[in-house]
Amino acid sequence: GSFDHSTFWKGNRFPSIKAKSFGRISMAVAVNVSRFEGEELQPYVLKVVKKAENLMLERGENKEYLPIEGLAAFNKVTAELLFGADNPLIQQQRVATVQGLSGTGSLRLAAALIERYFPGAKVIISSPTWGNHKNIFNDARVPWSEYRYYDPKTVGLDFNGMMSDIKAAPEGSFVLLHGCAHNPTGIDPTLEQWEKIADIIQEKNHIPFFDVAYQGFASGSLDADASSVRLFAARGMELLVAQSYSKNLGLYSERIGAINVVCSSADATARVRSQLKRLARPMYSNPPIHGARIVANVVGNPALFKEWKEEMELMAGRIKNIRQKLFDSLSAKDKSGKDWSFILKQIGMFSYTGLNKAQSENMTDKWHVYMTKDWKNIIGRIIFSQM
Ligand code: PLP
């Protein structure tokens, strides 16, 4: 006979499951909105992306499954963009690159690798950091703690605090670093500071784990924004790098990025790659193709690649211009002698202002200047839109 679901299904089967409210995950969309394009707030699609998509459509590309590790042409160019095409690491086949579900999915895959092959190892993350980092490591059951990063007194980097916390972490910890344009502070170490950070990480046998979500979008130069990662790689260190194309190509919803693991030999690389695939297979089987093809087409075509770089310079340049204007106006109007130069020193689309809660609220209530309240709820953060 047939099973009567109506009589069976009568209890509250999910009594302990509570709803969780999420903040606006679409913050990036606010950033990717061109302000008054035709009087409407329209999310901006890069011209070069439209061109690549047209090419793809003309070719009538199919929708066959990708291999677990993703599109080969994408994996090749994404590692080359990150490390530089002529980096000996690539020749030596010492980079295990696996296409991921954008930055988040790539970080999550690396977290799964850490959980499986480095049981008990800790990840240390900056205070503050992008909110999802904690979720990702919690979800993967990887223990984490924070290292000092932001110094409210200077609205700059707490370099000494950062160094001593990295030093104090248990040997062999993973040190999560933002490759460029630190989210949410906009404060990056200088190259000299990066060298010292690399020294201490090597001294403690830690493993650097870079999150690169803004390559090219921060300074306008793909190479300059990768200089932190390349500096570590040039020391022959093993390291992890998660990449995202959400911002620099505006591919937010395509979920395109990669996890790269730099290993000490081609043999270790092959083993790591196979284990990354083994982790990916039961999670999502294989990654989506559309964004991977866009990236491979843009980078693989010299004319499109050149155009992308120009558009990136435009986006980064716009943000730099706004920073300069904000700095000029504040310096001209503020008679208190406060040093606002941190606005120029910070990079990327976020700026910590150092304003406290009352000051931020005054700006909102009286002047309609809206800022997010980050980091212990006290700092007005400005988010610059790219267009
Ligand atoms: N990492 C950082 C620091 C970010 O700011 C972001 C996006 O805001 C990401 C990773 C990941 O974004 P996505 O998953 O869209 O690549």
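The model shown is predicted, which means the values in this text are computed figures rather than measured ones.

(A) View of the overall build of the protein. Tallying secondary structure elements over the protein gives 16 helices and 14 strands in all. A compact globule built from 387 residues would reach a C-alpha radius of gyration of about 21 Å, and the protein, at 22 Å, matches this within 12%. In terms of overall dimensions, the protein has a C-alpha envelope of 80 × 60 × 50 Å along the principal axes. Sorting the 387 residues of the protein into buried and exposed places 41% on the buried side. Looking at the protein alone, contacts between residues at least 24 apart form 73% of all its contacts between residues at least 6 apart.

(B) Up close: helix 9 (residues 191-203). In a regular helix each residue adds 1.5 Å, so 13 residues correspond to 18 Å; helix 9 covers 18 Å between its end C-alpha atoms and thus fits that length. Following helix 9 by one or two positions, asparagine 205 has its phi on the positive side, about 55°.

(C) Up close: the site of the ligand. Ser102, Gly103, Thr104, Ser244 and Ser246 are the nearest of the 13 residues found near the ligand. Here the shell around the ligand takes three residues from helix 6 (residues 102-117), the largest share from any one element. Broken down by class, the residue content of the shell around the ligand amounts to four nonpolar, eight polar and one charged.

(D) Examining the confidence of the model for the protein more closely. Predicted confidence across the protein gives a mean pLDDT of 90, with 91% of residues reaching 70 or more. Across residues 26-39, confidence stays below pLDDT 50; counting only partners more than four residues off in sequence or on other chains, it has 25 contacts. Reported confidences for the modelled complex are a pTM of 0.92 and an ipTM of 0.99.

(E) Quick look at the pairing of strand 9 (residues 207-212). Across the six residues that make up strand 9, a large majority, five, are buried. Between strand 8 (residues 174-178) and its parallel partner strand 9, the chain crosses via helix 9, and the hand of that crossover is right-handed. The pairing of strand 9 with strand 10 (residues 239-244) spans four bridges and is parallel. Bridge assignment links phenylalanine 209 to a residue of strand 10, and that residue is leucine 240.

(F) Expanded view of the sheet that holds strand 8. Spatial strand order, 3-11-10-9-8-4-5: seven strands in an open sheet with mixed pairing. Every other strand in the sheet has two partners, leaving strand 3 (95-101) and strand 5 (144-148) as the edge strands with one partner each. Taken over all neighbouring pairs, the strand axes of this sheet differ in orientation by 25° on average, direction set aside. By the bridge criterion, five bridges tie strand 8 to strand 9 in an arrangement that is parallel.

(G) Layout of helix 11 (residues 227-234). Those residues of helix 11 that sit buried are Ser228, Val229, Phe232 and Ala233. Taken down its axis, helix 11 places every buried residue within 135° of arc, on the same side. At the exit of helix 11 stands glycine 236, carrying a positive phi of roughly 80°.

(H) Molecular detail of the nonpolar core. Ranked by size, the top nonpolar core spans 86 residues in total, and within it Leu109, Ala110, Val123, Phe209, Ile259, Leu276 and Val295 carry the most contacts. With seven residues, the top contributor of residues to this core is helix 6. Residues from two domains meet in this core; each of domain 1 (33-40 + 308-383) and domain 2 (54-302) gives at least three. Ignoring any residue separated from it by four or fewer positions in sequence, one finds leucine 109 in contact with Val98, Gly100, Ile259, Leu276, Leu279 and Ala280.

(I) Quick peek at the domain arrangement of the protein. In terms of domains, the protein is made up of domain 1 (33-40 + 308-383) and domain 2 (54-302). Computed from C-alpha coordinates alone, the two centres of domain 1 and domain 2 are separated by 27 Å. If you list the elements that add at least two residues to the side of domain 1 that touches domain 2, you get helix 14 (302-333) and strand 12 (350-352). The element best represented in the side of domain 1 that touches domain 2 is helix 14, accounting for six residues.

(J) Geometry of unusual backbone geometry. Residue proline 128 is reached from serine 127 by a cis peptide bond, and omega for that bond is 0°. Mapped onto the secondary structure, proline 128 falls in the loop between strand 4 (123-127) and helix 7 (132-139). In the segment running from asparagine 183 into proline 184, the intervening peptide bond is cis, with an omega of 15°. Turning to its location among the elements, proline 184 is positioned in the loop between strand 8 and helix 9. In this model, glutamine 93 sits at a positive phi of 55°, which is unusual for a non-glycine residue. The partly exposed category is assigned to glutamine 93, around which 14 C-beta atoms lie within 10 Å. Positive phi is not limited to glycine here, since arginine 141 has a value of about 60°. Checked against the element boundaries, arginine 141 lands in the loop between helix 7 and strand 5.

(K) Region of interest: the packing of helix 3 (residues 47-59) against helix 13 (residues 290-300). Across the interface, helix 3 lies against helix 13 with an axial gap of 9 Å and an inter-helix angle of 105°. In terms of axis orientation, helix 3 runs roughly perpendicular to helix 13. Counting all contacts with helix 3, which are made through Val48, Val49, Ala52, Glu53, Leu55 and Met56, the residues of helix 13 involved are Arg293, Ile294, Asn297 and Val298. Of the residues assigned to the contact of helix 3 with helix 13, the class counts are seven nonpolar, one polar and two charged.

(L) View of the pairing of strand 5. Where strand 4 meets strand 5, five bridges bridge the pair, whose relative direction is parallel. Counted as the bridge partner of isoleucine 124 is serine 145 from strand 5. In this region the chain leaves strand 4, passes through helix 7 and returns to the parallel neighbour strand 5; the handedness of that crossover is right-handed.

The rules we used
Residues numbered from 1 in each chain as written. Predicted model: local features only at pLDDT ≥ 70, side-chain atom pairs only at ≥ 80, totals over all residues. Helix = DSSP H or I, 4+ residues; strand = E, 2+ residues; numbered from the N terminus. Rg over C-alpha atoms; globule rule 2.2 N^0.38 Å. Buried ≥ 20, exposed ≤ 12 C-beta atoms within 10 Å, placed from the backbone. Contact = placed C-beta atoms within 7 Å. Expected span 1.5 Å × (residues − 1). Near = placed C-beta within 6 Å. Nonpolar A, V, L, I, M, F, W, Y, C, P; charged D, E, K, R; others polar. pLDDT = per-residue confidence, 0-100. Right-handed = clockwise from strand over helix to strand, strands pointing away. Pairing = 2+ DSSP bridges. Axes fitted to C-alpha atoms, helices over the stretch in contact; angles between N-to-C directions. Arc of directions from axis to C-beta. Core = buried A, V, L, I, M, F, W, Y, C linked by C-beta atoms within 7 Å. Domains from an automatic or database assignment. Parallel < 35°, antiparallel > 145°, perpendicular 65-115°, else oblique.

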